[in-house]
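# Coordinate inspection notes
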Amino acid sequence: MRSSKKYDYVIVGGGIVGLSTALKLQEANKKVLILEKEKAVGTHQSGRNSGVLHSGIYYKPNSFKSNLCIRGRELMLEFLNTQKIPYRLEGKIVVDENLEKIDSLYERSKSLEMTGVEILKNSALTDKEPNSKILQGLFVPQAGVVDYKAVTEKMAAVFKKNNGEIDYFQEIVDIADGQDSKLVSSKKETFRGDFLINCAGLFSDKISKLDGLNPKVKIIPFRGEYYEIVNEKSHLLNNMIYPIADPNLPFLGIHLTKTIDGRIEVGPNAVLAFSREGYSWGNFNLVQTIETITYKGMLRLGSKYFKTGIDEMYRSLNKSAFVKEVNKLLPGIQKEDLLPRPAGVRAQAVSETGELLDDFLFEEGDRSLHVLNAPSPAATASLAIGEYIASKVLN
Ligand SMILES: Cc1cc2nc3c(=O)[nH]c(=O)nc-3n(C[C@H](O)[C@H](O)[C@H](O)COP(=O)(O)OP(=O)(O)OC[C@H]3O[C@@H](n4cnc5c(N)ncnc54)[C@H](O)[C@@H]3O)c2cc1C
């Protein structure tokens, strides 16, 4: 037991949310330890995402997502500039067949005082994206792209430079209450802290249970599968084209993103993963799969969206069906133009009644705080999430 050393805060999870929280606590001169089960930071969601700096326009006003995304984007840009991490801020075009939805997002942009947002039609739109098939969309100049894996690694470097500690290969399997402290154990060691913060992403519900909580949600892993367009056709897109996602569905709809390295990412197909870290159809974990498919909330969700789920699976297994969807946004792409790209698995909290939790969710325990839902745009929002958590726990 490493109990000779006591930390002010022990954070479980070395993803972008854990690191951001650690940085904010460090700013208040706290002694912070991060425990990570992998050999590096950003191995899961934080290193396997689309790299979009979201503007915050999509989210319900005054929700955590809306407030923390807008504030987080500001803090993220400051961090990127200070740390000289490359990013591009060239905007995205948001599309939907239902033009009322576009109008209402436009109105929202005004109430959020976002400047430069405009509805583009016909030639105004083709000036931005000459090869797309869309005739009307909303241009949102605040959106951009970055490499969040690089951001997470830089956060870890800054944290360590300021005497923060990160311990790798420490999978947390037990949490107990000590005298005026939390005892957080891996199979190898026990660590002692005044306070525990759970930022374990795909395993955050499990960690909260170890701490004696009985969360009303379960993390359901949805794999986002992507392709990238071959180099010879990467000139077909200038920036990003995004349909408006339906917050009730775990499926985001296929969108196009020109990533920070100039490749065009196309996707996702969103399918239920058969393991919490199931990055391909072959990653199968029997215990986790049984847990997922027998969960009351999952059964309800599955029955509500059975057909949509089957469509997504079909597209996952049938490239031609995928290409057909892509061509609705960008014609001229053929099957052979799409190369597979690494998948990501989204940690999505689902309630017992079968609802996808749209907003970020935090729950307090005894000397602990648990981040129970931090899906997209949590990478954009991470530093604001860290700021929010720090303000709560420092009080
Ligand atoms: C496919 C995809 C695309 C996305 N695109 C975007 C985007 O474009 N823009 C955006 O803003 N957001 C995006 N997101 C969301 C964003 O990536 C996540 O919300 C964010 O990375 C969550 O960070 P995290 O630190 O909570 O989780 P993670 O990065 O998953 O980190 C959790 C960490 O906890 C560790 N851990 C888990 N269990 C234990 C344990 N028992 N003991 C020790 N360590 C443990 C894990 O190893 C992991 O490193 C996307 C997500 C996905 C999946």
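The rules behind these values
- As a convention, each chain's residues are numbered from 1 in the sequence order in which they are written.
- Residues qualify for local features only when their pLDDT is at least 70, as the model is predicted, and side-chain atom pairs are given and counted only at 80 or more; totals for whole chains, interfaces and linings, by contrast, use all residues.
- Side-chain numbers here rest on the full set of heavy atoms in the structure, without hydrogens or water.
- The near set for a molecule or strand comprises every residue that places at least one heavy atom within 4 Å of it.
- By the criterion applied in these results, polar contacts are pairs of N or O atoms within 3.5 Å in which, for protein atoms, one can donate a hydrogen and the other can accept it, and in which residues neighboring in sequence qualify only through two side-chain atoms.
- Only the protein chains shown count as cover for residues, and all accessible areas are computed by the Shrake-Rupley method using a 1.4 Å probe.
- Note on conventions: DSSP H or I runs of at least 4 residues are helices, E runs of at least 2 residues are strands, and numbering of each starts at the N terminus.
- Residues are grouped as follows: Ala, Val, Leu, Ile, Met, Phe, Trp, Tyr, Cys and Pro are nonpolar; Asp, Glu, Lys and Arg are charged; every other residue, Gly included, is polar.
- What counts as a domain boundary in this text is fixed by an automatic or database domain assignment.
- Only protein chains enter the area calculation, which uses a 1.4 Å probe; residues under 20% of their type maximum are buried, those over 50% are exposed, and those in between are partly exposed.
- Contacts were defined at the residue level, with two residues in contact if any of their heavy atoms lie within 4.5 Å.
- Here the buried area means the combined drop in accessible surface, using a 1.4 Å probe, for two parts upon being joined, counting both sides.
- By convention in these notes, a salt bridge is any Lys or Arg side-chain nitrogen within 4 Å of a carboxyl oxygen on Asp or Glu.
- Pairing between strands requires that DSSP locate at least two bridges from one strand to the other.
- Axis definition: a line fitted to C-alpha atoms, limited for helices to the stretch in contact. Angles are taken between N-to-C directions and run from 0 to 180 degrees.
- Ring pairs shown here join Phe, Tyr and Trp side chains whose ring centres sit within 6.5 Å, with only the six-membered ring taken for Trp; geometry is labelled stacked below 30 degrees between planes, edge-to-face above 60, and tilted in between.
- A ring is scored as having a charge over it whenever the NZ atom of a lysine or the CZ atom of an arginine sits within 6 Å of its centre and within 35 degrees of its normal.
- Buried Ala, Val, Leu, Ile, Met, Phe, Trp, Tyr and Cys residues form a nonpolar core when they are joined through side-chain atoms within 4.5 Å.

## A look at the site of the ligand
Around the ligand, 39 residues are found, and the nearest of them are Glu36, Ser46, Val52, Ala374 and Thr380. For the ligand, an oxygen atom lies 2.6 Å from a polar atom in the side chain of Glu36. In this structure, Ala374 approaches the ligand through a main-chain N or O atom, which is 2.7 Å from an oxygen atom. Against a free-state accessible area of 1,000 Å², the protein chains account for coverage of 97% of the ligand. Mapped onto the shell around the ligand, the elements with two or more residues apiece are helix H1 (16-27), strand S17 (338-351) and helix H11 (378-394). For the shell around the ligand, the per-class residue count stands at 18 nonpolar, 15 polar and 6 charged. Taken domain by domain, the makeup of the shell around the ligand includes at least three residues from each of domain 1 (6-48 + 149-216 + 359-394) and domain 3 (217-351).

## Here we look at unusual backbone geometry
As a rule of thumb, non-glycine residues mostly have phi less than zero, and peptide bonds are mostly trans rather than cis. Of note, the amide linkage connecting Gly267 to Pro268 takes the cis form, showing an omega dihedral of 0 degrees. Turning to its location among the elements, Pro268 is positioned in strand S16 (residues 264-272). Of note, Asn122 is a non-glycine position whose phi angle comes to about 40 degrees, a positive value. In this structure, Asn122 sits in helix H4 (residues 122-128). One non-glycine residue, Asn163, lies in the positive phi region at around 70 degrees. By secondary structure assignment, the location of Asn163 is in the loop between helix H5 (148-161) and strand S9 (165-167). On the accessibility criterion, Asn163 (68% relative accessible area) is exposed.

## Thoughts on the domain arrangement of the chain
Along its sequence, the chain is carved into domain 1 (6-48 + 149-216 + 359-394), domain 2 (92-141) and domain 3 (217-351). For domain 1 versus domain 3, the distance between C-alpha centres works out to 27 Å. Opposite the 18 residues of domain 1 that make contact, domain 3 presents 20 residues. Summed over both sides, the interface between domain 1 and domain 3 buries roughly 1,500 Å², with carbon and sulfur atoms accounting for 49% of that surface. Our count for the contact surface shared by domain 1 and domain 3 stands at 3 salt bridges. We note a salt bridge from Asp205 to Arg276, for which the minimum N-O separation is 2.6 Å. For the interface between domain 1 and domain 3, the tally reads 11 residue pairs in polar contact (both at pLDDT 80 or more).

## Examining the sheet that holds S17
Taken in spatial order, the 8 strands line up as S6-S7-S5-S14-S15-S16-S13-S17 in an open sheet, and their pairing is mixed. In the strand order of this sheet, the two ends are held by strand S6 (118-121) and S17, each with one partner. In this sheet, neighbouring strand axes are inclined to one another by 30 degrees on average, regardless of whether the strands run parallel or antiparallel. Both strand S5 (residues 92-95) and strand S7 (residues 136-140) contribute to a ladder of 3 bridges, which runs antiparallel. Looking across to S7, one finds that Ile93 is bridged to Phe139. Seen against the sheet, helix H9 (residues 306-317) touches strand S13 (217-229) and S16 and runs at an angle of roughly 130 degrees to S16.

## Considering the side chain of His54
With respect to the element layout, His54 can be found in the loop between strand S3 (52-53) and helix H2 (64-83). Leaving out residues up to four positions away in the same chain, His54 has contacts with Tyr59, Cys69, Arg73, Lys92, Tyr242, Ser376, Pro377 and Thr380.

## Remarks on the environment of Thr257
Looking at where Thr257 falls in the secondary structure, it is placed in strand S15 (residues 255-258). Sequence separation of Thr257 and Ile241 is 16 residues, and the distance between their C-alpha atoms is 6.7 Å. In contact with Thr257, other than residues within four places in its own chain, are Ser50, Val52, Val145, Leu237, Asn239, Met240, Tyr242, Arg263, Ile264 and Glu265.

## Notes on the pattern of salt bridges
Counted under the stated rule, the structure contains 30 salt bridges. A salt bridge links Glu387 to Arg71; the shortest N-O distance between them is 2.8 Å. Pair noted here: Glu387 is in helix H11 and Arg71 is in helix H2, with a separation of 316 residues, a long-range link. Among the residues examined, Glu387 registers a relative accessible area of 28% and is labelled partly exposed. Residue Arg341 is joined to Glu228 by a salt bridge in which the shortest nitrogen-to-oxygen separation is 2.8 Å. Here the residue Arg341 occupies a position in strand S17, and Glu228 occupies one in strand S13, the gap between them amounting to 113 residues. For the residue pair Arg341 and Glu228, the accessibility class agrees, reading buried in each case.

## So, the pairing of strand S18 (residues 361-365)
The pairing of S18 with strand S19 (residues 368-373) spans 5 bridges and is antiparallel. Directly across from Leu361, in S19, lies its bridge partner Asn373. Connecting the antiparallel pair S18 and S19 is a turn made up of 2 residues, with Arg367 showing a positive phi of about 60 degrees.

## Details of the packing of aromatic side chains
Tallied over the entire structure, the rule returns 8 aromatic pairs. Look at Tyr58 and Tyr59: their rings are 6.0 Å apart centre to centre, the planes differ by 80 degrees, and that puts the pair in the edge-to-face class. The residue whose ring lies beneath Lys31 is Tyr7, and the NZ or CZ to ring-centre distance is 5.9 Å. The positively charged end of Lys128 is found above the aromatic ring belonging to Phe139, 4.2 Å away from the centroid.

## Thoughts on the nonpolar core
Counting 43 residues, the largest nonpolar core has Met76, Val151, Met155, Ile197 and Ile385 as its most contacted members. Every element with two or more residues in this core is listed here: strand S1 (6-12), H1, strand S2 (32-35), H2, H5, strand S12 (190-198), S19 and H11. Ranked by the residues each element gives to this core, the list is headed by H11, at 9 residues. Contact partners of Met155, with chain neighbours within four places excluded, come to Ile16, Leu19, Ser20, Leu23, Met76, Phe79, Ser382 and Leu383.

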